[in-house]
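Inside the fold
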Amino acid sequence: MSFFDQLNAWLADPNRWSWTDKAGVPYRTLEHLRFSLLALAIAAVLTIPLALWLAHYRRGAFLASSAVNIGRAIPSFGLIILFWFLASRWELDTTFWPLLLALVALAMPPLFTNTYAGVVSLEQETVDAARGTGHREWQIMLRLEFPLASPVILAGARVSFLQLIATVAIGAIVNDGGGLGRYIVDGFALGAQGYGQIFAGGLAAVLLALLCDGAFALITRWATPRGLALQNARR
Amino acid sequence: MHLSAVTPLAADSGPPIFQWKWVDRNADDIVQRLVEHVSLTGVALGAGLLVSIGLALLSLRFRWSYGFILSAAGALYVIPSLGAFAVLVPFFGLSFVSAVIPLATYTLLILVRNIVTGVDQVPNEVREAAIGMGYTRGRLLWQIELPLALPVVIAGLRVAAVTTIGLVTVTSMLGLGGLGYFIRHGIQTATPNPTEIIVGVGLSVVLAVVVDLLLWLSERVLAPWTRKAR
């Protein structure tokens, strides 16, 4: 079968478009998103409060500046397989934990760096003014620094999330579900007969990433505090 | 490209996390995979840099195209690596080309942006002085603006290189070599071999750090004025 025949046959399969069938594109897409969002949420809960606190007291500057560089040097594929090995050694569920741990680890550096940078770049006068009006330190962090840094934090979350989407696809090697990457990895196993499926899976992953990036751009615009948006528009 | 199969460990040797014996036994293979990794990275970076210089020159000459070029490069940058490889496989097969195209594409955003930013931050007085001395537009660009932009360009190259080295491990999915081969092979054997996985991941990280350091050194050699400026 030529590549186009393979692709046609793949697309024509009614199960591909069913919401409930595990081989279906909607099911796999949701699975892909669910895993990425779960990892992003865990990474955000672990990272943002810590970065906020460190940035408020101006500690950990070196960590903030080098985190992203370290994150870039570690290959995501290798990290997944390393965690897979550790999980199999500790007799944990090897289809869930390796991927989740790798995803959380990969999502943290951009979140940390951006939160830190966002808070540190705020003008000291603003913080002093809040202190002068009787705000406590935790109130300054929560009500002033966090909202004002939110566009920068969201930019970090966007970088993280796209990396997560890319990594979930790779994670299909060890993850039973594996989202849209499942098609690609299974297709590779089929050899030349799998080219149609490889292409379809790749295209679906690419489209999902582009859509998510667009969605993030909209969220950033919507979540930017109004005063900040006005200020930016005036510049 | 044919390799002797990786020598497995004796079954009774138990699975300690890291075995130098394995490294010793497969030293030739490790070197060859490392060379493959470096050549894939080198070709991708070289191609990315060439295309980026072209796009940056276009952006500098026609300002209105800069926005388009950056958004297009940004959209390409967002594409998941495995997805990009998968889309190309039907057309180029499990080949070097299918791997290099996405790898080079990922470098465009950072390289184009850094080249244009680098040229933009050249002080206007410098430009005026050169024009006053009779430099043509082309000579101004090649002999004054691009050399002065070098520190910013190299900063971009460092990011691109480190990212590419990490991504090359994924190309083992295409049956290409590189250090990703060990990462993949380490779990495919009957008893998973942690040494192999650690060698693959560890060497990839070490390679990234070394290349980053070399580029940083090359900046100090090629652009010595950045040192004196402090």
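Scroll up a little and you will see the structure.
Described below are features of the structure shown in this document. (Residues numbered from 1 in each chain as written. Chains lettered and ligands numbered in written order. Predicted model: local features only at pLDDT ≥ 70, side-chain atom pairs only at ≥ 80, totals over all residues. Heavy atoms only, no water.)

**Some points on the overall build of chain A**
- Broken down by element type, chain A carries 10 helices and zero strands.
- Traced from its N-terminal end to its C-terminal end, chain A shows the element sequence α-α-α-α-α-α-α-α-α-α.
- Summarising its shape, the C-alpha atoms of chain A cover approximately 75 × 45 × 30 Å along the three principal directions.
- In chain A, which comprises 235 residues, the share counted as buried stands at 50%.
- Within the structure as shown, chain A displays about 11600 Å² of accessible surface, and the carbon and sulfur contribution to it stands at 66%.
- Treating the 17 positive side-chain charges of chain A as one cloud and the 14 negative ones as another, the clouds have centres 9 Å apart. (Helix = DSSP H or I, 4+ residues; strand = E, 2+ residues; numbered from the N terminus. Buried < 20%, exposed > 50% of the residue type's maximum accessible area, 1.4 Å probe, protein only. Areas by Shrake-Rupley, 256 points an atom, 1.4 Å probe, with all protein chains shown as cover. Lys, Arg positive; Asp, Glu negative; His and termini not counted. Charge placed at Lys NZ, Arg CZ, Asp CG, Glu CD.)

**Considering the interface of chain A and chain B**
- Across the boundary between the two partners, chain A contributes 32 residues, which contact 39 residues of chain B.
- Taking both sides of the interface into account, the surface hidden between chain A and chain B amounts to around 3100 Å²; carbon and sulfur atoms contribute 86%.
- Its largest share of buried area at the contact with chain B, chain A owes to A:Arg72, A:Phe77 and A:Phe188, together 20% of the area lost on that side.
- Between the two partners, chain A and chain B, sit zero salt bridges.
- Connecting chain A to chain B are zero residue pairs in polar contact (both at pLDDT 80 or more).
- Within the residue set of the side of chain A that touches chain B, elements represented by two or more residues are helix H3 (61-73), helix H4 (76-89), helix H7 (137-171), helix H8 (181-190) and helix H9 (195-223) of chain A. (Contact = heavy atoms within 4.5 Å. Buried area = accessible area lost by both parts, 1.4 Å probe. Salt bridge = Lys/Arg side-chain N within 4 Å of Asp/Glu carboxyl O. Polar contact = N/O pair within 3.5 Å; in protein donor to acceptor, adjacent residues only side chain to side chain.)

**Considerations on the packing of aromatic side chains**
Residues and elements named next belong to chain A.
- Evaluation of the coordinates by the stated rule reveals 15 aromatic pairs over all chains.
- When the ring of Trp10 is compared with that of Tyr183, the centres are 5.0 Å apart and the planes differ by 90°; the resulting orientation is edge-to-face. Of the two residues, Trp10 sits in helix H1 (residues 3-12) while Tyr183 sits in helix H8, which places them 173 residues apart along the sequence. In terms of burial, Trp10 and Tyr183 fall into one category: buried. (Phe/Tyr/Trp six-rings, centres within 6.5 Å; stacked < 30°, edge-to-face > 60°.)

**Here we look at a nonpolar patch on the surface**
- The grouping of A:Phe4, B:Val43, B:Phe91, B:Phe92, B:Phe96, B:Val97 and B:Ile101 at the surface amounts to a nonpolar patch, some 630 Å² of accessible area in total.
- Looking at the nonpolar patch, the elements that each hand over two or more residues are helix H4 (81-92) and helix H5 (96-120) of chain B.
- At three residues, H5(B) tops the list of elements feeding residues into the nonpolar patch.
- Secondary-structure assignment places B:Phe92 in helix H4. (Patch = residues over 30% accessible without salt bridge, like charges linked within 9 Å, V, L, I, M, F, W, Y side chains within 5 Å.)

**A few points about the packing of H8(A) against H9(A)**
Residues and elements named next belong to chain A.
- For the pair H8 and H9, interaxial distance at closest approach is 8 Å and the crossing angle is 160°. Here H9 runs roughly antiparallel to H8, going by the angle between their axes. Our pair here, H8 against H9, has a crossing hand that is left-handed. Where H8 abuts H9, its residues Arg182, Tyr183, Ile184, Asp186, Gly187, Phe188 and Leu190 lie against Gln197, Ile198, Gly201 and Gly202.
- Looking at the contact of H8 with H9 residue by residue, the class counts come to five nonpolar, four polar and two charged. (Axes fitted to C-alpha atoms, helices over the stretch in contact; angles between N-to-C directions. Parallel < 35°, antiparallel > 145°, perpendicular 65-115°, else oblique. Left-handed = near helix turned anticlockwise from the far one by under 90°. Nonpolar A, V, L, I, M, F, W, Y, C, P; charged D, E, K, R; others polar.)

**So, the side chain of A:Arg28**
All names here are of chain A.
- Among the structural elements, Arg28 can be located in helix H2 (residues 25-56).
- The exposure class of Arg28 is buried, given its relative accessible area of 9%.
- A polar atom in the side chain of Arg28 sits 2.8 Å from the side chain of Glu31.
- Residues in contact with Arg28, not counting those within four places in the same chain, are Lys22, Gly177, Gly179, Leu180, Arg182 and Tyr183.

**Points about the environment of A:Ala23**
- The residue A:Ala23 is located in the loop between H1 and H2 in this model.
- Excluding anything up to four places from it in sequence, A:Ala23 contacts A:Asn15, A:Arg16 and A:Tyr183.

**With respect to the nonpolar core**
- Ranked by internal contacts, the top residues of the largest apolar core, which has 84 residues, are A:Phe188 and B:Leu82.
- Contact partners of B:Leu82, with chain neighbours within four places excluded, come to A:Ala169, A:Ile170, A:Ile184, A:Phe188, B:Val170 and B:Met173.
- Judged by nonpolar contacts, the second largest core, of 12 residues, contains B:Ala56, B:Ile115, B:Val116 and B:Ala149. (Core = buried A, V, L, I, M, F, W, Y, C linked by side-chain atoms within 4.5 Å.)

**Overview of the pattern of salt bridges**
Residues and elements named next belong to chain A.
- Enumeration according to the criterion identifies nine salt bridges over all chains in this entry.
- Note that Arg158 and Asp213 form a salt bridge whose closest N and O atoms lie 2.7 Å from each other. Residue Arg158 is found in helix H7, and its partner Asp213 is found in helix H9; the two are separated by 55 residues along the sequence.
- Overall, the relative accessible area of 26% leaves Arg158 in the partly exposed class.

**Some remarks on the environment of A:Leu11**
Residue and element names in this part refer to chain A.
- For Leu11, the location among the structural elements is in helix H1.
- Owing to a relative accessible area of 37%, Leu11 belongs among the partly exposed residues under this scheme.
- Taking the C-alpha atoms as reference points, Leu11 and Val25, 14 residues apart in sequence, are found 9.9 Å from one another.

**Structural notes on unusual backbone geometry**
Residues and elements named next belong to chain A.
- Positive phi, close to 55°, is recorded for Arg58, a residue that is not glycine.
- Here Arg58 lies in the loop between H2 and H3.
- Note on Arg58: relative accessible area 41%, which makes it partly exposed.

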